[in-house]
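Commentary on secondary and tertiary structure
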Amino acid sequence: MKAVVTVDAGICGFKTRIQADSDDAQNVSFQVASGCEKAGGFGAALTAKGPVDGYAELGAGSDGVILTTARETLRGCCAACAVPIGAFKAMQVAAGVALPKDVALDIKAG
């Protein structure tokens, strides 16, 4: 299955396109394109790690490949970037463990 997630990261103005593909409904490969150098670096690092086992990733939680790669590559103001969550959601859909549904954050100053 294929899943495509487009992330509008917010005030930085960068958009990222994440494509996740799985031929066996378990092992997921990624293609990430972004105008953001840091999100692009995250995508390159994630892609370089090879296919991600979607079932193992669910069990690993924050110690899984996707979120570990995010911690390794996204620091400072980018530590809370929405791109890794988009990658995780794309992985779930590509592996067939979740249905596609938009996720939204509505952020306002108090």
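That block above? That's the structure.
Everything quoted here is computed from the prediction, not taken from an experiment. (Residues numbered from 1 in each chain as written. Predicted model: local features only at pLDDT ≥ 70, side-chain atom pairs only at ≥ 80, totals over all residues. Heavy atoms only, no water.)

**A look at the overall build of the protein chain**
To keep it simple, the criterion reads: Secondary structure elements follow DSSP: runs of H or I no shorter than four residues count as helices, runs of E no shorter than two count as strands, and numbering proceeds from the N terminus. Each residue is placed in one exposure class: buried if its accessible area under a 1.4 Å probe, protein chains only, is under 20% of its type's maximum, exposed if it is over 50%, and partly exposed if it falls in between. When checking whether two residues touch, look at their non-hydrogen atoms; a contact exists if any pair is within 4.5 Å. Only the protein chains shown count as cover for residues, and the accessible areas themselves come from Shrake-Rupley with a 1.4 Å probe. By the counting rule applied here, Lys and Arg register as positive and Asp and Glu as negative, while His and the ends of each chain are not counted. A charge is said to be at NZ when it belongs to Lys, at CZ for Arg, at CG for Asp and at CD for Glu.
Scanning the protein chain from N- to C-terminus turns up 4 helices and 4 strands. The N-to-C order of helical and strand elements in the protein chain reads β-β-β-α-β-α-α-α. Buried residues in the protein chain amount to 32% of all 110 residues. For the protein chain, long-range pairs separated by at least 24 residues make up 43% of all intrachain contacts whose partners lie at least 6 apart in sequence. For the protein chain, the exposed surface amounts to about 6500 Å²; the carbon and sulfur share of it is 57%. Of the charged side chains in the protein chain, 10 are positive and 11 negative; the average position of the first set lies 7 Å away from that of the second.

**Description of the sheet that holds strand 4 (residues 52-53)**
Note the threshold: Any two strands with at least two DSSP-identified bridges between them are counted as paired. In this analysis, axes come from line fits to C-alpha atoms, helices being fitted only over the stretch in contact, and the angle between any two N-to-C directions falls in the range 0 to 180 degrees.
Spatial ordering of the open sheet is given by 1-2-3-4, a layout of 4 strands whose pairing is antiparallel. Of all the strands in the sheet, just strand 1 (2-8) and strand 4 have a single pairing partner and so form its edges. As judged from the 6 bridges shared by strand 2 (residues 15-21) and strand 3 (residues 27-34), these two strands associate in the antiparallel manner. Note that in strand 3 the partner of A20 across the bridge is F30. Together, strand 2, strand 3 and strand 4 form the strand contacts of helix 1 (residues 37-48), whose direction differs from that of strand 3 by roughly 155°.

**Structural notes on the pairing of strand 2**
In the sheet, strand 1 pairs with strand 2 via 7 bridges, with the strands oriented antiparallel. By the bridge assignment, A3 is partnered in strand 2 with A20. Connecting strand 1 to the antiparallel partner strand 2 that follows it, the hairpin turn spans 6 residues, and G10 within it adopts a positive phi of roughly 110°. Between the antiparallel neighbours strand 2 and strand 3 lie 5 residues, among them A25 with a positive phi of about 60°.

**Notes on the layout of surface pockets**
Heads up, the rule is: Cavities and pockets were defined on a 1 Å grid built from protein atoms only: a cavity is a group of points that admits a 1.4 Å probe but offers it no way out, a pocket is an open group of points flanked by protein on both sides within 12 Å along at least five of seven lines, and a lining residue is one with an atom within 4 Å of any such point. Grid points are joined across faces, edges and corners, and a volume is the space filled by probe spheres set on the points. Gly falls in the polar group here, along with every residue not listed as nonpolar (Ala, Val, Leu, Ile, Met, Phe, Trp, Tyr, Cys, Pro) or charged (Asp, Glu, Lys, Arg).
Approximately 930 Å³ is the volume found for the largest pocket. Along the wall of the largest pocket there are 35 residues; nearest its centre are V7, D8, A82, V83 and L105. With 7 residues, the single largest contributor to the lining of the largest pocket is helix 4 (residues 83-94). Residues belonging to the lining of the largest pocket are distributed by class as follows: 26 nonpolar, 5 polar and 4 charged.

**Quick word on unusual backbone geometry**
Its identity is not glycine, yet A25 carries a phi of approximately 60°, on the positive side. You can see A25 is positioned in the loop between strand 2 and strand 3. Residue classification places A25 among the partly exposed residues on the basis of a relative accessible area of 36%.

**Comments concerning the environment of E72**
On the secondary structure map, E72 appears in helix 3 (residues 65-73). A sequence separation of 30 residues divides E72 from F42, and the C-alpha atoms of the two residues are 8.3 Å apart.

**Examining a nonpolar patch on the surface**
Where we set the bar: Like charges are joined within 9 Å and nonpolar side chains (Val, Leu, Ile, Met, Phe, Trp, Tyr) within 5 Å, but only among residues with over 30% relative accessible area and no salt bridge; these make up the patches. By definition, a salt bridge exists where a carboxyl oxygen of Asp or Glu is found within 4 Å of a side-chain nitrogen of Lys or Arg.
On the surface, Y55, L58 and V97 cluster together to form a nonpolar patch covering roughly 240 Å² of accessible area. Exposure remark for V97: the relative accessible area of 32% places this residue in the partly exposed category.

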